[in-house]
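# Architecture and fold: a report
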Amino acid sequence: MCSQTQDKAPDGGWGWVIVAASFASHFLAYGSPQSVGVLYPEWLATFHEGKGLTAWVGSVTWGAGLIASPVCSACVVNFGARPVTVFSGVMVAGGMMLSAFAPSVQFLIFSYGTVVGLGCGLVYTATVTITCQYFDKRRGLALGIVSTGTSLGGFLYATGQNKLVELYGLEGCLLIVGAVSLNLMACAGLLRPLHPPGYYLRQREALQRAEEEEERGPARPEEPPQTAGTAAVAKDPLIAPDDPPPGCGRSLLRALGRRRNAYRAYARSTGRFLRDRVFAALCVALFLFTLGAFPPVLFMEDVAQSEGLVDGVGALPLVSIVAVATAPGKLALGAMADLRWVNSAHLYAFTMAATGLALLLIPASGSYAALQVLSAVVGFFSGNWSITPYITTRLVGIDRLPEAYGVLMFFGGFGYLLGPPVMGWFYDWTQSYDVAFYFSGGCVLLGGLFLFLSALPCWERTQREKARPEIQRASNCDKMASVA
């Protein structure tokens, strides 16, 4: 969808309505998955499975949507943010309601993990893409406000789901939360597209060609002049400009072949992003960050209960503390990213390092108050998620944001998918969370260090110095040739 940037971003106006609708969409879609740590002890008590297997529910919820980000990006490019958000509302609500009748953890992995996770991935890609289209100078602040909906949703849903489980049981809680998620379709109505989606442009262009052929008669028509819609279609790698118009007698196999070639070209174009040093380092860093930073959100309540620091879920769950601390972190980091003198890649690396250090201190905390403080620190610096699209846009440009962001989220999805089960297996193996949190903090700290080193300006200076002797040798050769 971002591939058709014909007009300048308005940086305001209806863009703030887009921000409000995207904020509400994140609140409704990610509220329950963000606070899945409250449901995790309930699933352990209900199904009596191991911590490693039960942890797959939360990890698949976050991992499925991100791993499918390239597909989600293609959907947004072709169909637009509004229909994609409507469809995501059906998936999120349906998955949660279906989870109320889950007979086993394996079924939960499908219903809550895969179905809800894919719905969340669709709404995230759609809202981030359309927000980036509407904002340029204030893009960091706008993305910070939008992603704060996830934090507020996690804070309120953690407390709300805890109370709903007490009043109506686990099944009633999931049914009520699923019904509330249907409001995603109402939010989608406000996502007015700034540019026509690719599917609309393709159909319009096909109809225009069909009308021109009818007007010109049986004679072979000349090549029609390229209009603005034609240029936009040709610019999109997912849209084959020579698709047959409706009613045309071209072979279906030829049309399918063109479509396959178009998607192959799309796959090759997305693979080129990994040739950029900073972007490739960002992919590795995001994988390590999601591998280590997400499991504490899932296991924090179980840590407090296993260590005997609290009896049951507290009045203010640790998951809620993480979520509410993430909100000011997203706003502050988003505003800092808009400053000209701030290197967004180094800012991201710093937040990762701070998160890793806080995770390493969790095993040493001997009180519930210490866990609350560390949860707030982890939550604040985990707000760096709001500047991830900002960094991606700075690296590849707004035109290539959906494809590049899909590749980036693909790496992050694997971290979300593997992190909680690995930490659960560490606990099942050692009967303690200490080794698990050392592993978690070490991964996040390593990712921040790797990104910081890759974004140093000395790499650019080294490349320029390597290129300079070649230019000098060429100049000497020219001088020798002229003398001869």
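Reading guide: rules and limits
- Residues numbered from 1 in each chain as written.
- Predicted model: local features only at pLDDT ≥ 70, side-chain atom pairs only at ≥ 80, totals over all residues.
- Heavy atoms only, no water.
- Axes fitted to C-alpha atoms, helices over the stretch in contact; angles between N-to-C directions.
- Helix = DSSP H or I, 4+ residues; strand = E, 2+ residues; numbered from the N terminus.
- Parallel < 35°, antiparallel > 145°, perpendicular 65-115°, else oblique.
- Contact = heavy atoms within 4.5 Å.
- Nonpolar A, V, L, I, M, F, W, Y, C, P; charged D, E, K, R; others polar.
- Patch = residues over 30% accessible without salt bridge, like charges linked within 9 Å, V, L, I, M, F, W, Y side chains within 5 Å.
- Areas by Shrake-Rupley, 256 points an atom, 1.4 Å probe, with all protein chains shown as cover.
- Salt bridge = Lys/Arg side-chain N within 4 Å of Asp/Glu carboxyl O.
- Lys, Arg positive; Asp, Glu negative; His and termini not counted.
- Charge placed at Lys NZ, Arg CZ, Asp CG, Glu CD.
- Buried < 20%, exposed > 50% of the residue type's maximum accessible area, 1.4 Å probe, protein only.
- pLDDT = per-residue confidence, 0-100.
- Phe/Tyr/Trp six-rings, centres within 6.5 Å; stacked < 30°, edge-to-face > 60°.
- Lys NZ or Arg CZ within 6 Å of the ring centre and 35° of its normal.
- Core = buried A, V, L, I, M, F, W, Y, C linked by side-chain atoms within 4.5 Å.

### So, the packing of helix α3 (residues 51–67) against helix α4 (residues 69–79)
As a packed pair, α3 and α4 sit with axes 5 Å apart at the nearest point and diverge in direction by 55°. Relative to α4, the element α3 lies oblique. Between α3, through G65, L66 and I67, and α4, the contact on the second element is made entirely by S69, P70 and C72. Classifying every residue of the contact of α3 with α4 by side-chain character gives four nonpolar, two polar and no charged.

### Overview of a negative patch on the surface
On the surface, E211, E213, E214 and E215 cluster together into a patch of negative charge. Here E215 is to be found in helix α9 (residues 198–216). A residue is classified by how much of its surface remains accessible, and E215, at 69% relative accessible area, is exposed.

### Observations regarding the confidence of the model for the protein chain
Low pLDDT marks stretches whose predicted atomic positions should not be read closely. Taken over all residues, the pLDDT of the protein chain has a mean of 77, while the share at 70 or more is 79%. In this model, residues 467–484 is a region of pLDDT below 50 whose contacts with residues beyond four sequence positions or in other chains number zero contacts.

### With respect to the packing of aromatic side chains
A complete count under the given rule lists 12 aromatic pairs for this structure. Relative to F381, the ring of F350 has its centre 6.0 Å away and its plane inclined at 80°; by these criteria the two rings are edge-to-face. Taken as a pair, F350 in helix α15 (residues 344–361) and F381 in helix α16 (residues 368–381) lie far apart in primary sequence, 31 residues in all. Ring plane angle 35° and centroid distance 6.5 Å describe the contact between F426 and W429, whose orientation is recorded as tilted. Of this pair, F426 and W429 both sit in helix α18 (residues 401–430), three residues apart, roughly one helical turn. Joined through ring pairs, the aromatic side chains of F350, F380 and F381 make up one cluster. Above the face of the W14 ring, R192 is positioned so that its terminal group lies 4.3 Å from the ring centre.

### Focus: the nonpolar core
Ranked by size, the top nonpolar core spans 90 residues in total, and within it W43 and Y112 carry the most contacts. Counting residues per element, this core draws most heavily on α18, which supplies 11 residues. If near-sequence neighbours (up to four positions away) are discounted, Y112 is found in contact with S32, P33, V36, L39, W43, V57, T61, G95, M96, S99, G117 and L174.

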